[in-house]
There are 2 protein chains.
Amino acid sequence: MSESRTVIALDAMGGDHGLSVVLPAAESVLGSRDDVALILVGDEAQIEARIGGPLAEARESGRLRIEHAPEVVTMDETPSHALRFKKKSSMRRAIELVKSGEADACVSAGNTGALMATARYVLKTLPGIDRPAIATTIPTMQGHTLMLDLGANIDCTAEHLFQFAVMGSVLVQAVDGNASPRVGLLNIGEEEIKGNDQIKEAARLVAATSLNYIGFVEGDDIYKGTADVVVCDGFVGNVALKTSEGVARMIAHFLGEEFRRNLLTRLAGMVALPVIRGLRRRMDPRRYNGASLLGLRGIVVKSHGSADRLAFAHAIEEAAREGAMNVPGLIDHRLETLLTERQAV
Amino acid sequence: MSESRTVIALDAMGGDHGLSVVLPAAESVLGSRDDVALILVGDEAQIEARIGGPLAEARESGRLRIEHAPEVVTMDETPSHALRFKKKSSMRRAIELVKSGEADACVSAGNTGALMATARYVLKTLPGIDRPAIATTIPTMQGHTLMLDLGANIDCTAEHLFQFAVMGSVLVQAVDGNASPRVGLLNIGEEEIKGNDQIKEAARLVAATSLNYIGFVEGDDIYKGTADVVVCDGFVGNVALKTSEGVARMIAHFLGEEFRRNLLTRLAGMVALPVIRGLRRRMDPRRYNGASLLGLRGIVVKSHGSADRLAFAHAIEEAAREGAMNVPGLIDHRLETLLTERQAV
């Protein structure tokens, strides 16, 4: 494969839809970006049987190849089971291609727990990083923001939160071209009981470095776009993200009900359809698909399990951006610099 | 005042707007409900000067009286400062009227920290309750749900979460007439790392009683209406609630922008206006104003600081419902029964 292309290994069998989503997504990314090459990791016979047209051409031109992996990690498999008994899974093989340097990054729509455990086992964490975190981009009134951790780490020390702040800041810098991402620590606004000890100490740690720390942010600040990076522990992040999805779904549900109320509102609904579509487009979760497993010695991007072609293509593009910038190398370098700064204070 | 009426003491000076919201709200509640009597607690001269019309009539008929309190707790005052230096505040006096039995409940739009600290100091917690919690009702696709804690307690043990479950269940039972409220513990859905130790232990404690425990719920379940009571620690609850407000505000913002995009969408906006109004009405936060400070030996309802007449009236009605049912007595009784059940297991 060409040296100048970013090579992405795709777990072709993972997620709810496996090949029927991964192949069309691969085709769409290869069609729109010339700087990406792909490795389809999975059952060779099944993949061979379904490759044709542009994918076959890409294969001939060397922009696509198949890597055989006979096993599949299922969506409800425990991380420990996957680690022990699925050593030849498409998920693990994709990660191993990153480890060996054959791929610059990998993408999987497989189950999060197994992916994190396998990635951690195969790739290991970067020096100075205690725990990898899961980060994702979400829309805000101003544009978008990166939030982490989203569920990999339930109980976090101040040092963990500090590491998340560094990793998030580096990712936004690299991928968004934002020279100095504003970093906020997610906290609550009750008077005199501003957060727990970990958060207060994390604030001290982050503030003592050259990170662009803007202080505590509250739940409603996330969507105001006050910060470019919102740092929290995985329990809080997971609840905040899922709660957000729940609210958005409820509003869509109510809006639908209101438009179906009577003949007049149905007519109004038809008139307003382009507007509602515009709103849906702006908040389309598929555009934000692709969560980054940060803190590893390699790039692993997690696609939503139920992702469709468009969503999975977005996850591949996220992996391509991170791969092109070598995000793990940047995190490693930045963390070292910041820890030196902290010691100097 | 009549024995059969529920007497509510109102901190007439609290909140962002003080008397200019409390007086009209009092008038509206007295006008719509015959079973409520009110005590306006605050600066007597100021209140006297602004009472007229229906309020003056209510005063003559014995459904309204004024209780003088010369001091006011400000919105940015620390709880400890309020406790030490504002012993004659309208907030404290309103709570004292509950303590003395002159009022069945009180309502304040003053600052949450000071209100909780003062209520706890004056009223004390119920036997068996370690910490009071803040609970509020939020809309769901099915109707509404009660969520607690929302910020009073950051680090919670399993026992605290158990107590929140009991208090929430009793409140929903008393106020909604729901014979067996479904209680859910807010958790995250990551595979094999289902929650922290406190939550797992809390699940065991709640499941060992006759509470209608439905298991763990996730962030997106809150708005599906899966549970009638959602229990979590105050940090998570506060973040979830504020994040929800943030998402709703962002969607409203985007919807407004989409409708203002061009002449055609502006026209669509005019046609869709009744529908948008219908949506706003359904999610109107004023209808859900009035958070309950649960676990105290008396009823204290916290109104949002920026509440308007309609919102503050809703908070008064919440206090009236709780007062009529004697919620603290019910919690006390239920907790005793459930603890006996637990011991028997």
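Residues numbered from 1 in each chain as written. Chains lettered and ligands numbered in written order. Predicted model: local features only at pLDDT ≥ 70, side-chain atom pairs only at ≥ 80, totals over all residues.

Asks: I'd like to hear about the overall build of chain A, residue by residue, with values.
Replies: If you tally the helices and strands in chain A, you get 13 helices and eleven strands. Considered along the principal axes of its C-alpha atoms, chain A spans approximately 65 × 65 × 35 Å. Scored against the burial criterion, the 345 residues of chain A give a buried share of 56%. (Helix = DSSP H or I, 4+ residues; strand = E, 2+ residues; numbered from the N terminus. Buried ≥ 20, exposed ≤ 12 C-beta atoms within 10 Å, placed from the backbone.)

Asks: Break down the sheet that holds strand S3 (residues 64–68) of chain A for me, with residues and values.
Replies: Residue and element names in this part refer to chain A. The strand order across the open sheet built from eleven strands is S3-S2-S1-S4-S11-S10-S5-S6-S9-S7-S8, with neighbouring strands paired in mixed fashion. Of all strands in the sheet, those bounded by a partner on one side alone are S3 and strand S8 (212–217). Strand-to-strand twist in this sheet, taken as the mean axis angle between neighbours without regard to direction, amounts to 25°. The sheet contact formed by strand S10 (residues 291–294) and strand S11 (residues 300–302) spans three bridges and is antiparallel. Paired with Ser 292 across the bridge in S11 is Val 301. (Pairing = 2+ DSSP bridges. Axes fitted to C-alpha atoms, helices over the stretch in contact; angles between N-to-C directions.)

Asks: Account for the nonpolar core, naming residues and giving values.
Replies: Grouped together as the largest cluster of nonpolar side chains are 238 residues, with contacts concentrated most on Ile 8, Leu 10 and Cys 106 of chain A together with Ile 8, Leu 10 and Cys 106 of chain B. Not counting residues within four places of it along the chain, the set of residues in contact with Ile 8 of chain A comprises Val 36, Leu 38, Ala 103, Asp 104, Ala 105, Cys 106, Val 107, Ile 316, Ala 319, Ala 320 and Gly 323 of chain A. (Core = buried A, V, L, I, M, F, W, Y, C linked by C-beta atoms within 7 Å. Contact = placed C-beta atoms within 7 Å.)

Asks: Account for unusual backbone geometry, naming residues and giving values.
Replies: With the exception of glycine, most residues fall at negative phi, and the peptide bonds are largely trans. Residues and elements named next belong to chain A. Cis geometry marks the peptide bond from Leu 148 to Asp 149; its omega dihedral reads -5°. Inspection of the secondary structure assignment puts Asp 149 in the loop between strand S6 (144–148) and helix H7 (158–176). Positive phi outside glycine occurs at Lys 124, with the angle close to 70°. Residue classification places Lys 124 among the partly exposed residues on the basis of 15 C-beta atoms within 10 Å.

Asks: An account of the packing of helix H10 (residues 234–259) of chain B against helix H11 (residues 263–283) of chain B is requested, with residue identities and associated values reported.
Replies: All names here are of chain B. The interhelical angle for the contact between H10 and H11, taken along N-to-C directions, is 160°, at an axis separation of 10 Å. Classed by the angle they form, the pair H10 and H11 counts as roughly antiparallel. Along this stretch, H10 crosses H11, giving a crossing that reads as left-handed. Two secondary-structure elements touch here, H10 through Ala 248, Glu 258 and Phe 259 and H11 through Thr 265, Arg 266, Ala 268, Gly 269 and Met 283. (Parallel < 35°, antiparallel > 145°, perpendicular 65-115°, else oblique. Left-handed = near helix turned anticlockwise from the far one by under 90°.)

Asks: Quick one: what's the story with the interface of chain B and chain A, residue by residue and with numbers?
Replies: At the interface, 55 residues of chain B touch 56 residues of chain A. The biggest single contributor to the side of chain B that touches chain A is H10 of chain B, with 21 residues. Here the side of chain B that touches chain A is built from residues that sort into 27 nonpolar, 15 polar and 13 charged. (Nonpolar A, V, L, I, M, F, W, Y, C, P; charged D, E, K, R; others polar.)

Asks: Requested: an account of helix H13 (residues 327–344) of chain A, with residues and values cited.
Replies: Residues and elements named next belong to chain A. Across its 18 residues, H13 extends 26 Å between first and last C-alpha, which sits within 8% of the 26 Å expected from 1.5 Å per residue. Looking only at H13, the buried set comprises Val 327, Pro 328, Ile 331, Leu 335 and Leu 338. Summarising the axial view, the buried residues of H13 lie within an arc of 90°, below the 170-degree limit, and thus occupy one face. What points out from H13, more than 90 degrees from its buried face, is the exposed set Thr 340, Gln 343 and Ala 344. On the buried face of H13, the contacting elements are H7, S10 and helix H12 (309–325). (Expected span 1.5 Å × (residues − 1). Arc of directions from axis to C-beta.)

Asks: With reference to specific residues and values, describe the relation of the copies chain B and chain A.
Replies: The operation relating chain B to chain A is a screw motion whose rotation component is 180°, with 0.0 Å of axial translation and a residual RMSD of 0.0 Å. In symmetry terms, the pair is related by a two-fold rotation axis. (Least-squares fit on C-alpha atoms with pLDDT ≥ 70 in both.)

Asks: Describe the sheet that holds strand S7 (residues 182–186) of chain B, naming the residues involved and giving the relevant values.
Replies: Residue and element names in this part refer to chain B. Strand order in the open sheet formed by eleven strands is S3-S2-S1-S4-S11-S10-S5-S6-S9-S7-S8, with mixed pairing between adjacent strands. A single partner strand is all that each edge strand has here, and the edge strands are strand S3 (64–68) and strand S8 (212–217). The sheet shows a mean angle of 25° between the axes of neighbouring strands, taken without regard to direction. With six bridges connecting them, strand S1 (residues 6–11) and strand S2 (residues 36–42) associate as parallel partners. Paired with Val 7 across the two strands is Ala 37, which belongs to S2.

Asks: Tell me about H7 of chain A, and please be specific about residues and values.
Replies: For an α-helix, the turn length of 3.6 residues means that residues three or four places apart are oriented alike. Residues and elements named next belong to chain A. Taking 1.5 Å of rise per residue, 19 residues should cover 27 Å, and H7 covers 26 Å from first to last C-alpha, within 8% of that figure. Buried residues dominate H7, accounting for 14 of its 19 residues. Backbone geometry just after H7 places Gly 177 at a positive phi near 65°.

Asks: Break down the confidence of the model for chain A for me, with residues and values.
Replies: A residue-level look at chain A finds 97% of positions with pLDDT of 70 or above and a mean pLDDT of 92. Confidence metrics for the complex model read pTM 0.92 and ipTM 0.88. (pLDDT = per-residue confidence, 0-100.)

Asks: Residue-level account of the domain arrangement of chain A, with values.
Replies: Residue and element names in this part refer to chain A. Here chain A is described as being made up of domain 1 (1–127 + 295–325) and domain 2 (130–289). When each unit is reduced to the centre of its C-alpha atoms, the spacing between domain 1 and domain 2 is 26 Å. With 17 residues of domain 1 at the interface, the matching set in domain 2 holds twelve residues. For the side of domain 1 that touches domain 2, the elements supplying multiple residues, two or more each, are helix H6 (112–123) and H12. Top contributing element to the side of domain 1 that touches domain 2 by residue count: H12, with seven residues. (Domains from an automatic or database assignment.)

Asks: I'd like a rundown of the packing of helix H7 (residues 158–176) of chain B against helix H13 (residues 327–344) of chain B, residues and numbers included.
Replies: Residue and element names in this part refer to chain B. Taken N-terminus to C-terminus, the directions of H7 and H13 make an angle of 130°; their axes are 9 Å apart at the nearest point. It follows from the interaxial angle that H7 and H13 lie oblique. Relative to H13, H7 is oriented so that their crossing is right-handed. Across from Val 166, Met 167, Val 170, Leu 171 and Ala 174 in H7, the residues of H13 making contact are Val 327, Leu 330, Ile 331, Arg 334, Leu 335 and Leu 338.

Asks: Tell me about the environment of Arg 65 of chain B, and please be specific about residues and values.
Replies: Residue and element names in this part refer to chain B. Considering the arrangement of structural elements, one finds Arg 65 in strand S3. The exposure class of Arg 65 is partly exposed, given the 16 C-beta atoms found within 10 Å. Spatially, the C-alpha atom of Arg 65 lies 4.9 Å from that of Ile 39, the residues being 26 residues apart in sequence. Those residues within four positions of Arg 65 in sequence are excluded, and the remaining contacts are Ile 39 and Arg 59.

Asks: Please set out the pairing of strand S10 (residues 291–294) of chain B residue by residue, giving values where relevant.
Replies: Residue and element names in this part refer to chain B. Judged by which residues are buried, S10 turns out to be covered on both faces: Ala 291 and Leu 293 on one side and Ser 292 and Leu 294 on the other are all buried. Sheet analysis places strand S5 (residues 133–139) next to S10, joined by three bridges and oriented antiparallel. Following the sheet pairing, Ala 135 is matched in S10 by Ser 292.

Asks: How would you explain the environment of Ala 268 of chain B if you had to name every residue and give the values?
Replies: Its place among the elements puts Ala 268 of chain B in helix H11. Those residues in contact with Ala 268 of chain B that lie beyond four places of it in its chain are Val 271, Ala 272 and Val 275 of chain A together with Phe 259 of chain B.

Asks: Can you tell me about the environment of Gly 110 of chain A, naming the residues and giving the values?
Replies: All names here are of chain A. Locating Gly 110 in the fold gives a position in the loop between strand S4 (105–108) and H6. Assessed through the 30 C-beta atoms surrounding it within 10 Å, Gly 110 is described here as buried. Residue contacts for Gly 110: discarding those within four places in its chain leaves Asp 11, Gly 14, Gly 15, Val 73, Met 91 and Leu 115.

Asks: Explain the pairing of strand S4 (residues 105–108) of chain B residue by residue, including any values.
Replies: When a strand is regular, its side chains alternate between the sheet's two faces. Residues and elements named next belong to chain B. What you see with S4 is no split at all: Ala 105 and Val 107 on one side and Cys 106 and Ser 108 on the other are buried throughout. Two elements, S1 and S4, share three bridges in a ladder whose sense is parallel. What sits directly across from Ala 9, in S4, is Cys 106. Where S4 meets strand S11 (residues 300–302), three bridges bridge the pair, whose relative direction is parallel.

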